[in-house]
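This is what each chain is made of:
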Amino acid sequence: MEELKKLLTQNKKVAVLTGAGISHESGIPTFRGAGGYWKQYKAEELATPEAFQRDPKLVWEWYDYRRGVCAKAKPNPAHEVVFKMESYFPEFLVITQNVDGLHRRAGNKKIFEIHGNIFTARCTSCSNRISLGDEPLKEIPLKCNVCGSLARPHIVWFGESYDGDILDQCYSFLATTELIFVIGTSGQVSVPVNMAKYAATKGAYCIEVNPEETSVTDFTDTFLQGKAGEVLPQLWEGISN
Ligand code: OAD
Ligand code: ZN
């Protein structure tokens, strides 16, 4: 741990890539692994354009339930450390797969939510975006308040492409980052894993935080085994308040 703390104080450009595991201690279930199901459904079954086409009501009910869980959750000590990192490192970026908004609620501003945000919907016909707030929807499935067409969650679903502009900006940061943290992701989705791999091949020192080994562990320089809400505060202790 002491060696690693030294490394943190010696580097200026740092990226943090997070997955569902960082929000687990805030009470939000992960997608995979023990207790990793939302109600009785797997993400792969409902987070797809096909599922939405087949049954928009069911998909909206699932997202409405999940948004309720996210609205009640609070950032945990791991999110707080990631927030402190943003003001400590001169160059910093959070790339999160999480749609729960907890990094923003912890205070982070330099952040890309590469899978979207559960508190936002968008129209399937016009360019309208709808802010959903914390309360359950009054009407399911949600309709666009501008043109009346069906609205959908503003989420990148399985089989859909990522926002190219956001990816470019992530990759340009990762090309020269000195350190990358990979926190709480199972490494089952290829785009984020490739981002971490890219940073590592470009010379970044990679630190993974996870209770379990993952596909990222193969190329990480340091694997810190444990819960993010315990490991990160220990690592950050004595570095900044
Ligand atoms: P997963 O559910 O696949 O993996 C969660 C990871 O968190 C696992 O590796 C756990 O071991 C780890 N974990 C559990 N508790 C932890 C803790 N307290 N501290 C640190 N790590 C912990 O979640 P993701 O990798 O984020 O996509 O999944 C990737 C994407 O698949 C998600 O963004 C989602 C899903 O389909 C969309 O919503 C579009
Ligand atoms: Zn519309």
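The model shown is predicted, which means the values in this text are computed figures rather than measured ones.

> It is not clear to me how the coordination of the zinc ion (ligand 2) should be interpreted in this structure. Could you clarify?
Protein coordination at the zinc ion (ligand 2): the donors are Cys123 (SG), Cys126 (SG), Cys144 (SG) and Cys147 (SG), at 2.2 to 2.4 Å from the metal. Of note is the zinc ion (ligand 2), whose 4 donor atoms meet at the metal with angles of 100 to 120 degrees in an arrangement that counts as tetrahedral. As a motif over one chain, the donors of the zinc ion (ligand 2) read C-x2-C-x17-C-x2-C. Linking cysteine 123 in strand β4 (residues 116–123) with cysteine 144 in the loop between β5 (129–131) and β6 (151–155), this pair joins segments that are 21 residues apart in sequence. The same class applies to cysteine 123 and to cysteine 144, which are both buried.

> Would you mind going over the site of ligand 1 with me for this structure?
Around ligand 1 sit 22 residues, and of these Phe31, Arg32, Thr185, Ser186 and Asn210 come closest. Taking arginine 32, its side chain carries an N or O atom lying 2.7 Å from an oxygen atom of ligand 1. At a separation of 3.3 Å, an oxygen atom of ligand 1 approaches a polar backbone atom of glycine 184. Calculation on ligand 1 without its partners gives an accessible area of 800 Å², and the protein chains cover 95% of this total. Residue classes in the shell around ligand 1 are distributed as 8 nonpolar, 10 polar and 4 charged. Two domains each put at least three residues into the shell around ligand 1: domain 1 (1–27 + 75–115 + 162–241) and domain 2 (29–72 + 116–155).

> What is the right way to look at unusual backbone geometry in this model?
What you tend to see is this: most non-glycine residues have negative phi, and most peptide bonds are trans. In this chain, isoleucine 140 is followed by proline 141 through a cis amide linkage whose omega measures -5 degrees. Note on placement: proline 141 falls in the loop between β5 and β6.

> I tried to follow the environment of isoleucine 114 on my own but got confused; where do I start?
Within the element layout of this structure, isoleucine 114 appears in the loop between β3 (111–113) and β4. Linking isoleucine 114 and isoleucine 95, residues 19 residues apart in sequence, is a C-alpha distance of 6.8 Å. When residues no more than four places from it in sequence are discounted, the contact partners of isoleucine 114 are Ile95, Thr96, Gln97, Val156, Tyr162, Ile166, Cys170, Pro192 and Met195.

> Help me understand the packing of aromatic side chains, please; the structure alone is not making it clear to me.
We describe a pair of aromatic rings using the distance from one ring centre to the other and the angle between the two ring planes. Within the structure shown, the criterion is met by 8 aromatic pairs. With a centroid separation of 5.0 Å and 85 degrees between ring planes, the pair formed by tyrosine 88 and phenylalanine 89 is classed as edge-to-face. Both rings, one in phenylalanine 89 and one in phenylalanine 92, keep their centres 6.4 Å apart while their planes meet at 10 degrees; by these two values the pair is stacked. Among the residues examined, phenylalanine 92 registers a relative accessible area of 4% and is labelled buried. Its guanidinium or amino end placed over the ring of phenylalanine 173, lysine 13 lies 4.5 Å from that ring's centre, counting from NZ or CZ. Seen from the ring of tryptophan 62, arginine 66 lies directly overhead, with NZ or CZ sitting 4.5 Å from the centre.

> Help me understand the domain arrangement of the protein in this model?
It is common to give the size of an interface as the accessible area that goes away when the parts come together. Looking at the protein, the domain boundaries give domain 1 (1–27 + 75–115 + 162–241) and domain 2 (29–72 + 116–155). Computed from C-alpha coordinates alone, the two centres of domain 1 and domain 2 are separated by 26 Å. Taken together, the contact between domain 1 and domain 2 spans 15 residues of the former and 14 residues of the latter. Taking both sides of the interface into account, the surface hidden between domain 1 and domain 2 amounts to around 1,000 Å²; carbon and sulfur atoms contribute 53%. Where domain 1 meets domain 2, there are 0 salt bridges. Counting across the interface, domain 1 meets domain 2 through 4 residue pairs in polar contact (both at pLDDT 80 or more). Looking at side-chain class alone, the side of domain 1 that touches domain 2 contains 4 nonpolar, 8 polar and 3 charged residues.

> In this structure, what is going on with helix α4 (residues 56–72)? I would like to understand it.
In an α-helix, one turn spans 3.6 residues, which is why side chains three or four residues apart end up on the same side. For α4, built from 17 residues, the straight-helix expectation of 24 Å at 1.5 Å per residue is met to within 8% by its first-to-last C-alpha distance of 24 Å. Three or more residues of α4 are buried, namely Pro56, Val59, Trp60, Trp62, Tyr63, Asp64, Arg66, Arg67, Gly68, Cys70 and Ala71. Considering only its buried residues, α4 is in contact with α2 (43–46), α3 (49–54), α6 (102–106), β4 and β6.

> Just to check I follow, could you spell out the side chain of serine 149 for this structure?
With respect to the element layout, serine 149 can be found in the loop between β5 and β6. The residues contacting serine 149, other than those within four sequence positions of it, are Cys123, Thr124, Ser125, Leu142, Lys143 and Cys144.

Thresholds applied
- Residue positions are given per chain, counting from 1 as you read along its sequence in written order.
- Each chain takes a letter, starting from A, and each ligand takes a number, starting from 1, following the order in which they are written.
- Whole-chain, interface and lining totals are the exception, using all residues; otherwise, since this is a predicted model, local features are given only for residues with pLDDT of at least 70 and side-chain atom pairs are given and counted only at 80 or more.
- Water and hydrogen atoms play no part in the side-chain values, which are based on all heavy atoms of the structure.
- A donor here means any N, O or S atom no more than 2.8 Å from the metal (3.2 Å for Na, K and Ca); water is not included, so a site may seem to lack partners.
- Irregular is the default label, applied whenever a site is not tetrahedral (four donors, all angles between 85 and 135 degrees) and neither square planar nor octahedral (four or six donors, opposite donors over 155 degrees apart, all other angles between 65 and 115).
- Only DSSP runs of H or I with at least four residues qualify as helices, and only runs of E with at least two residues qualify as strands; both kinds are numbered from the N terminus onward.
- Burial classes follow relative accessibility: with a 1.4 Å probe on protein chains only, a residue under 20% of its type's maximum area counts as buried, one over 50% as exposed, and anything between as partly exposed.
- Here a residue is near a molecule or strand as soon as one of its heavy atoms is found within 4 Å of it.
- What qualifies as a polar contact is a pair of N or O atoms within 3.5 Å, subject to a donor-acceptor requirement within protein and to the restriction that residues adjacent in sequence count only when both atoms come from side chains.
- Only the protein chains shown count as cover for residues, and all accessible areas are computed by the Shrake-Rupley method using a 1.4 Å probe.
- Classification used: nonpolar for Ala, Val, Leu, Ile, Met, Phe, Trp, Tyr, Cys and Pro, charged for Asp, Glu, Lys and Arg, polar for all others including Gly.
- Domain segmentation is taken from an automatic or database assignment of domains.
- Residue contacts are defined here by distance: any two heavy atoms, one from each residue, within 4.5 Å place the two residues in contact.
- Here the aromatic set is Phe, Tyr and Trp, taking the six-membered ring for Trp, and pairing holds for ring centres within 6.5 Å; pairs whose planes are under 30 degrees apart are stacked, those over 60 apart are edge-to-face, and all others are tilted.
- Our definition puts a charge over a ring when NZ of Lys or CZ of Arg is within 6 Å of the ring centre and also within 35 degrees of the ring normal.
- What counts as buried area is the accessible surface, traced by a 1.4 Å probe, that two parts surrender upon association, with contributions from both included.
- Within this document, salt bridges are pairs made up of a side-chain nitrogen of Lys or Arg and a carboxyl oxygen of Asp or Glu, the two lying within 4 Å of each other.
- A helix is expected to span 1.5 Å for every residue after the first.

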